[in-house]
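Chain and residue survey
Spelled out, the chains give:
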Amino acid sequence: MNITKICCIGAGYVGGPTMAIIAQKCPQIEVTVVDLNEERIAAWNDEDVDNIPIYEPGLSEIVKEVRGRNLFFSTNVEKAIDETQIIFISVNTPTKTYGKGKGMAADLKFIELCARQIAKIAKDDKIVVEKSTLPVRTAEAIKSILDNTGNGVQFQILSNPEFLAEGTAVQDLLNPDRILIGGDTTEEGQKAIQALVDVYANWVPTDKILTTNVWSSELSKLTANAFLAQRISSVNAMSELCEKTGADVNEVAKAIGMDSRIGAKFLKASVGFGGSCFQKDILNLVYIAKSYGLHEVADYWEQVIIMNDYQKRRFSNKIVQTLYNTVADKKIAFLGWAFKKDTNDTRESAAIYVADDLINEQAQIAVYDPKVSAKKVLADLDYLETRTTEKNNACVTSFVDPYEACANAHAVAVLTEWDEFVQYNWQKIYHSMQKPAFVFDGRNILDRAKMEEIGFVYQAIGS
Ligand code: UDX
Ligand code: ADP
């Protein structure tokens, strides 16, 4: 099968970067990314590539190179479906906020809408690729919708989970550890798999392209995220023990990470993991395990989330306790709001929950994040529905200058590990703050000795 046209439904953090790289690496393929969100598509088409809706190092340069050549962004979903051979589904699959499985299961309504739309429009055979992280056996549901409402058109459903991490998406896409493609074992299924393998083979060595059945592929994605999150919760659990015993979690992580069986990555103790995937995927895994009656399996994985929630709460409690058990009317400066550095994504960011706790204690939060807007900060707090927008507005102020955010603060809390925070003139910050000046380093990025020498009361995670 010679692929010359690909479309992707969903112009978000996954669809946008992934399609930009496919377009760059496969100039012979016309790639169209469609989304219902007109504002988002307009931003992807903005003449100034610095205004594209997603910040990822290196992405705007690639968009500049390929947009209008063989990469197109559009709101015309029907046309794109009609003309394409392969359809990637990269729409959001948030945790359900209503009904059965509320707070646990993935909400598949956006996926189902896509499937129904594809079924309605398609007039010739298509390959449909699940790119969003989905619960195991979603492919079956998509197939059922396509086969039963379609016009006799043949659909092949592939699972091709995305393993990119935000902040390093471009590098992850250019040099992936592996590409995973799951499909039917039938001859038609194998042909579809091969067509997608051929697309990736334009830049990925074939020994890194794994093919499996659909269910293994779907479950591998959930498992990979669960294992990664589990490492963070494990090291965060040790961080509290380190604080009690006088051990230093960075030293412990280094010591265990040098064991090649354990490995050094994903052992950074922090204020807790965030992002759109880890929590959602584990909750989803827990829900699936429970639905099969596997309660021990469900409880085992749920503990990873319980530990993460505890780590976030522990951080805000520590701030309150250290500031003489009250933060009422005290200015607390937040350095960072994104869930990790080098992204403007704030989904499930620990900063949101820490701020929410501190606002309950009547603190005044001053936020500085190099890539997150004031509007987004407020929207994130409003989303929790803890209090009214007016009240959130009264308790949180965003700054475009980090020094202004810190001036007169009783404490600075580092919530995201942006590189620039390490370079700041901390002497200057110290002078502008209330004394004693506290720093709570939720990312362990600052140098304790230097901070203490300046005069800060410095508290890190796990030491
Ligand atoms: C994750 C997976 O890594 C990726 O493969 C998958 O496709 C999507 O989910 P992402 O959420 O973008 O990617 O970022 P990741 O680098 O995994 O970080 C997730 C969270 O864990 C961040 O809040 C990060 O700060 C935190 N983290 C990560 C730690 O606290 N300690 C670590 O050692 C690593
Ligand atoms: P992810 O991190 O998985 O990429 P995002 O929320 O960033 O998630 O992006 C998902 C995108 O999918 C959103 O821009 C949303 O508007 C889009 N979307 C959701 N449902 C549909 C649909 N039926 N048709 C087109 N686009 C959709």
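Everything that follows concerns the structure shown earlier in this document.
Cut-off values and rules
Residues numbered from 1 in each chain as written. Chains lettered and ligands numbered in written order. Predicted model: local features only at pLDDT ≥ 70, side-chain atom pairs only at ≥ 80, totals over all residues. Heavy atoms only, no water. Axes fitted to C-alpha atoms, helices over the stretch in contact; angles between N-to-C directions. Helix = DSSP H or I, 4+ residues; strand = E, 2+ residues; numbered from the N terminus. Parallel < 35°, antiparallel > 145°, perpendicular 65-115°, else oblique. Left-handed = near helix turned anticlockwise from the far one by under 90°. Contact = heavy atoms within 4.5 Å. Near = heavy atom within 4 Å. Polar contact = N/O pair within 3.5 Å; in protein donor to acceptor, adjacent residues only side chain to side chain. Areas by Shrake-Rupley, 256 points an atom, 1.4 Å probe, with all protein chains shown as cover. Nonpolar A, V, L, I, M, F, W, Y, C, P; charged D, E, K, R; others polar. Pairing = 2+ DSSP bridges. Salt bridge = Lys/Arg side-chain N within 4 Å of Asp/Glu carboxyl O. Buried < 20%, exposed > 50% of the residue type's maximum accessible area, 1.4 Å probe, protein only. 1 Å grid on protein atoms, 1.4 Å probe; cavity = no way out; pocket = protein on both sides within 12 Å on 5 of 7 lines; lining within 4 Å. Points joined across faces, edges and corners; volume = space filled by probe spheres on them. Right-handed = clockwise from strand over helix to strand, strands pointing away. Core = buried A, V, L, I, M, F, W, Y, C linked by side-chain atoms within 4.5 Å.

1. What to know about the packing of helix α5 (residues 109-121) against helix α6 (residues 138-149)
- Where α5 meets α6, the axes come as close as 8 Å, and the angle between the chain directions of the two elements is 30°. Classified by the interaxial angle, the pair formed by α5 and α6 is roughly parallel. Remark: the crossing between α5 and α6 carries right-handed chirality. Contacts between α5 and α6 pair Ile111, Glu112, Ala115, Arg116, Ile118 and Ala119 from the former with Thr138, Ile142, Ile145, Leu146 and Thr149 from the latter.

2. Focus: the site of ligand 2
- Around ligand 2, a shell composed of 15 residues is seen, among which Tyr13, Val14, Asp35, Arg40 and Arg347 lie nearest.
- Take leucine 36: an N or O atom from its main chain is 3.4 Å from a nitrogen atom of ligand 2.
- Protein burial of ligand 2: of its 580 Å² of free accessible surface, 88% is covered by the chains.
- Broken down by class, the residue content of the shell around ligand 2 amounts to seven nonpolar, five polar and three charged.

3. Some thoughts on the sheet that holds strand β10 (residues 364-368)
- As summarised here, the arrangement of the six strands in space is β11-β10-β9-β12-β13-β14, forming an open sheet in which the pairing is parallel. The sheet terminates laterally at β11 (396-398) and β14 (457-460), the two strands that pair on one side only. Between one strand axis and the next, the sheet turns through 20° on average, direction left out of account.
- Pairing of strand β9 (residues 331-335) with strand β12 (residues 411-414) involves four bridges; the strand directions are parallel. In the strand pairing of β12, leucine 335 is matched with valine 414.

4. What to know about the pattern of salt bridges
- On inspection of all chains with the given rule, the structure shows 20 salt bridges.
- When the shortest N-O distance is used, the salt bridge between glutamate 112 and arginine 116 registers 2.9 Å. Of the two residues, glutamate 112 and arginine 116 both sit in helix α5, four residues apart, roughly one turn of that helix.
- Taking the relative accessible area as the measure of exposure, glutamate 112 reaches 35% and is therefore partly exposed.

5. A closer look at the side chain of glutamate 218
- If you trace the backbone, glutamate 218 turns up in helix α9 (residues 214-245).
- Here alanine 139 takes part through its backbone nitrogen, which lies 3.1 Å from a polar atom of the side chain of glutamate 218.

6. Observations concerning empty space enclosed by the protein
- Per the counting criterion, the structure on display carries two cavities of 30 Å³ or more.
- Here the largest cavity is characterised by a volume of approximately 40 Å³.
- Lining the largest cavity are Glu130, Ser132, Thr133, Leu134, Ser159, Pro161, Ser217, Glu218 and Lys221.
- Sorting elements by how many residues they give to the lining of the largest cavity places α9 first, with three residues.
- In terms of residue class, the lining of the largest cavity is built from two nonpolar, four polar and three charged.
- Within this model, the second largest cavity holds a volume of roughly 40 Å³.
- Glu243, Gln311, Arg314, Phe315, Lys318 and Ile461 together form the lining of the second largest cavity.
- Among the elements that make up the lining of the second largest cavity, the one with the highest residue count is helix α12 (residues 295-322) (four residues).
- Residues of the lining of the second largest cavity, tallied by class, amount to two nonpolar, one polar and three charged.

7. Observations regarding the site of ligand 1
- Taken together, 20 residues lie around ligand 1, and Phe163, Glu166, Ser270, Lys340 and Arg443 are the ones closest in.
- Within the backbone of lysine 268, an N or O atom sits 2.8 Å from an oxygen atom of ligand 1.
- At 2.6 Å, a side-chain N or O of serine 270 approaches an oxygen atom of ligand 1.
- The fraction of the free accessible surface of ligand 1 (660 Å²) that becomes covered by protein chains is 91%.
- The element contributing the most residues to the shell around ligand 1 is α9, with four residues.
- Partitioned by chemical class, the residues of the shell around ligand 1 number eleven nonpolar, three polar and six charged.

8. Section: the pairing of strand β7 (residues 179-183)
- With five of five residues buried, β7 lies mostly within the body of the structure.
- Burial along β7 is two-sided: Ile179, Ile181 and Gly183 facing one way and Leu180 and Gly182 facing the other are all buried.
- In this fold, the crossover linking β7 to strand β8 (residues 209-213) by way of helix α8 (residues 187-200) has right-handed handedness.

9. Some thoughts on the nonpolar core
- Among the nonpolar cores identified, the biggest contains 60 residues, and Ile332, Phe334, Trp337, Leu358 and Trp426 are the most heavily contacted of them.
- Element by element, the count of residues in this core is highest for helix α13 (residues 350-360), at seven residues.
- Beyond its immediate sequence surroundings of up to four residues, tryptophan 337 is in contact with Thr346, Ser349, Ala351, Ile352, Ala355, Val367, Asp369, Val372, Val377, Asp380, Leu381 and Thr416.
- Core analysis: the second largest hydrophobic core is formed by 46 residues, Val33, Val66, Ile127 and Ile193 among them.

Such coordinate-based values are descriptive only and should not be taken to indicate function.
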